[in-house]
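Here are the chains, one letter per residue:
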Amino acid sequence: MHVTSAQGDTAHSDAQDDVNVLIFLHGVGGSGDDFTNFLEKIVPSSTRLILPTAPKAAVSMFGLMEMNSWFNMYDSYTSNIPEVKSMSSMIHSMVEKQMMLGVKPENIVIGGFSQGGALALYASLTCPVRIGGTFILSAWLLAPWEFKDLVKPSVAHALPNCFSPMLQ
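These figures come from a predicted structure and were not determined experimentally.

Rules and cut-offs
- Residues numbered from 1 in each chain as written.
- Predicted model: local features only at pLDDT ≥ 70, side-chain atom pairs only at ≥ 80, totals over all residues.
- Heavy atoms only, no water.
- Helix = DSSP H or I, 4+ residues; strand = E, 2+ residues; numbered from the N terminus.
- Buried < 20%, exposed > 50% of the residue type's maximum accessible area, 1.4 Å probe, protein only.
- Contact = heavy atoms within 4.5 Å.
- Areas by Shrake-Rupley, 256 points an atom, 1.4 Å probe, with all protein chains shown as cover.
- Phe/Tyr/Trp six-rings, centres within 6.5 Å; stacked < 30°, edge-to-face > 60°.
- Expected span 1.5 Å × (residues − 1).
- Arc of directions from axis to C-beta.
- Polar contact = N/O pair within 3.5 Å; in protein donor to acceptor, adjacent residues only side chain to side chain.

**Notes on the overall build of the chain**
Then, in step 1: For the chain, the count of helices and strands is 4 helices and 7 strands.
Then, in step 2: Secondary structure elements of the chain occur, N-terminal to C-terminal, as β-β-α-β-β-β-α-β-α-β-α.
Then, in step 3: Across the 168 residues of the chain, 39% fall into the buried class.
Then, in step 4: Within the chain, counting contacts between residues at least 6 apart in sequence, those at least 24 apart form 66% of the total.
Then, in step 5: When the accessible surface of the chain is split by element, carbon and sulfur atoms take 58% of a total near 9500 Å².

Here it is as structure tokens:
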């Protein structure tokens, strides 16, 4: 297991073909170290964990309190989309860097928790290369209007779950 809190630009001694990479983004107010223990228990030992920390910034949703944040959130429903796009480009650069180190794109997963999970999902959907997957916890889809034409609703997908019980 190799853990880095930077952008993952350190070389790794294992053969690159065998290396899996998980870029995991923490939630607002957190840091890259927050999920180290959890992730080390659930990912394969050949996985390179890249756990960056968001820059400190004022977050409108929390009374402009300065905290580690990937992008500004105005309230529970609206976020600063230009900042989302900027941070997403940073994640894409991390993916590119891993590929330049010889890691196959199908061995790279982008993940995150809460705000980091929302950014991970957006970055995955806008990534210029097809990666191995996306791993998100307690997150949401940012800028859903950008993806509305990519997936068409289907009766076959909607009906089986229309009457599923809901735990309230």
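**Side note on the packing of aromatic side chains**
Then, in step 1: Overall, the coordinates contain 5 aromatic pairs when judged by the stated rule.
Then, in step 2: An angle of 75° between the planes, with centres 5.8 Å apart, marks the rings of Tyr-122 and Phe-147 as edge-to-face. Remark: Phe-147 occurs in the loop between β7 (133-137) and α4 (155-158) and Tyr-122 occurs in helix α3 (residues 115-126); sequence separation between them is 25 residues. Take Tyr-122 and Phe-147: they sit in the same class, and that class is buried.
Then, in step 3: Taken together, the ring pairs in this structure connect Phe-24, Phe-35, Phe-38, Phe-113 and Phe-135 into an aromatic cluster.

**Thoughts on α3**
Then, in step 1: Its 12 residues place the ends of α3 17 Å apart at the C-alpha level, agreeing with the 16 Å of an ideal helix rising 1.5 Å per residue.
Then, in step 2: Within α3, 10 of the 12 residues are buried, leaving the element largely enclosed by the surrounding structure.
Then, in step 3: Lining the buried residues of α3 we find β2 (20-25), α2 (81-100), β6 (108-113) and β7.

**Here we look at α2**
Then, in step 1: Compared with an ideal rise of 1.5 Å per residue, which puts 20 residues at 28 Å, α2 spans 28 Å between its outermost C-alpha atoms and is within 8% of the ideal.
Then, in step 2: Looking only at α2, the buried set comprises Ile-81, Val-84, Met-87, Ser-88, Ile-91, His-92, Met-94, Val-95 and Gln-98. The arc enclosing the buried residues of α2, seen along the axis, measures out at 155°, which places them on a common side. Turned more than 90 degrees from where α2 packs its buried face, Pro-82 and Met-100 sit exposed.
Then, in step 3: Next to the buried residues of α2 lie β2, β3 (47-50), β6 and α3.
Then, in step 4: By the N-cap criterion, in which a side-chain oxygen at the helix start approaches the backbone nitrogen of a residue two or three places on, α2 is capped by Asn-80, the distance to Glu-83 being 3.0 Å.

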